[in-house]
Amino acid sequence: MSKAFIILFVVLNQACLQQIACWSLTPAVYNISIGNGLNNSTLWVHCKSGDSDLKLHTIPRGGNYTWLIQTRWTLKRLYFCGLTWDHYGRKTFDAFVDEQEFVDLQCGGRHCFWKALADGIYLYNLRKGQYKKQFSWDKYVLNV
């Protein structure tokens, strides 16, 4: 590797670390949060990765479930979550993908804030300062 490439790599990663607002080639910490914006309803959240099960969490109206993800050099991190809204709907989706496009363009930084509302699941983009609808609810079907 050339010395110029190494210097460029270090400078770009330092700029990213100072902003805490972008994906990084080096290991980094990301904050993921799922909020319950449903009217008078409980939200059930169950998130997993290939090597970690975060278990089922019950989120009251106005509450949040938050966790940190530490990325690694040797392993790309992907967390998917299943959300269930009483007997109205459910949705499973990728809540975090360790890729530049997801972190920078969708989350807008190292904090991915999801919110469940009556018409769907929204993701907040830090750089744009707004929520954008990502998914509609799948109809809840009771298996008996």
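Residues numbered from 1 in each chain as written. Predicted model: local features only at pLDDT ≥ 70, side-chain atom pairs only at ≥ 80, totals over all residues. Heavy atoms only, no water.

- If you check an unreviewed UniProt entry, the chain appears there as S-protein homolog from Saponaria officinalis.
- We quote the UniProt Subcellular location (unreviewed entry) comment for the chain here in full: "Secreted".
- In its Sequence similarities (unreviewed entry) section, the UniProt record describing the chain reads: "Belongs to the plant self-incompatibility (S1) protein family." (UniProt positions renumbered as here; feature names shortened; annotations may be inferred.)

## Some remarks on the overall build of the chain
Right, on to step 1. Along the backbone of the chain there are two helices and 10 strands.
Right, on to step 2. Residues classed as buried in the chain amount to 40% of the 144 residues present.
Right, on to step 3. In the chain, the proportion of contacts linking residues at least 24 apart, taken out of those at least 6 apart, comes to 50%. (Helix = DSSP H or I, 4+ residues; strand = E, 2+ residues; numbered from the N terminus. Buried < 20%, exposed > 50% of the residue type's maximum accessible area, 1.4 Å probe, protein only. Contact = heavy atoms within 4.5 Å.)

## A look at the sheet that holds strand 5 (residues 78-85)
Right, on to step 1. In spatial order, the strands read 3-2-5-6-10; together these five strands make up an open sheet with antiparallel pairing. Unpaired on one side and paired on the other, strand 3 (53-59) and strand 10 (138-139) mark the two borders of the sheet.
Right, on to step 2. Bridge count for strand 2 (residues 43-48) against strand 5 is six bridges, and the pairing is antiparallel. Paired with Val45 across the bridge in strand 5 is Leu83. (Pairing = 2+ DSSP bridges.)

## So, the pattern of salt bridges
Right, on to step 1. Using the criterion set out here, one finds three salt bridges in the structure.
Right, on to step 2. Of the charged contacts, one joins Asp138 and Lys91 as a salt bridge, the two residues approaching to 3.5 Å between their closest N and O atoms. With Asp138 in strand 10 and Lys91 in strand 6 (residues 89-97), this residue pair connects regions lying 47 residues apart in the sequence.
Right, on to step 3. Given the relative accessible area of 15%, Lys91 is considered buried.
Right, on to step 4. Residue Arg127 pairs with Asp104 through a salt bridge whose shortest N-O separation is 4.0 Å. Of this pair, Arg127 sits in the loop between strand 8 (120-125) and strand 9 (130-135) while Asp104 sits in helix 2 (residues 100-107); the two residues are 23 residues apart in sequence, bridging distant segments of the chain.
Right, on to step 5. Arg127 gets classed as partly exposed once you look at its relative accessible area, which sits at 48%.
Right, on to step 6. Since its relative accessible area comes to 11%, Asp104 is described here as buried. (Salt bridge = Lys/Arg side-chain N within 4 Å of Asp/Glu carboxyl O.)

## Comments concerning the side chain of Ser49
Right, on to step 1. Mapped onto the elements of the fold, Ser49 is located in the loop between strand 2 and strand 3.
Right, on to step 2. Reaching out from Ser49, the side chain makes a polar contact with the side chain of Asp51 at a distance of 2.9 Å.
Right, on to step 3. Not counting the four nearest positions on each side in its chain, Ser49 is found in contact with Arg77, Leu78 and Tyr79. (Polar contact = N/O pair within 3.5 Å; in protein donor to acceptor, adjacent residues only side chain to side chain.)

## A closer look at the packing of aromatic side chains
Right, on to step 1. Summed over all chains, the structure comprises 10 aromatic pairs.
Right, on to step 2. Judged by centre distance (6.1 Å) and plane angle (90°), the rings of Phe96 and Phe102 are edge-to-face. Accessibility assignment for this pair places Phe96 and Phe102 in one class, buried.
Right, on to step 3. Three or more aromatic residues joined by ring pairs make a cluster, and in this case those are Tyr30, Phe96 and Phe102.
Right, on to step 4. Just above the ring of Tyr30 sits the side chain of Arg110; from NZ or CZ to the centre is 5.7 Å. (Phe/Tyr/Trp six-rings, centres within 6.5 Å; stacked < 30°, edge-to-face > 60°. Lys NZ or Arg CZ within 6 Å of the ring centre and 35° of its normal.)

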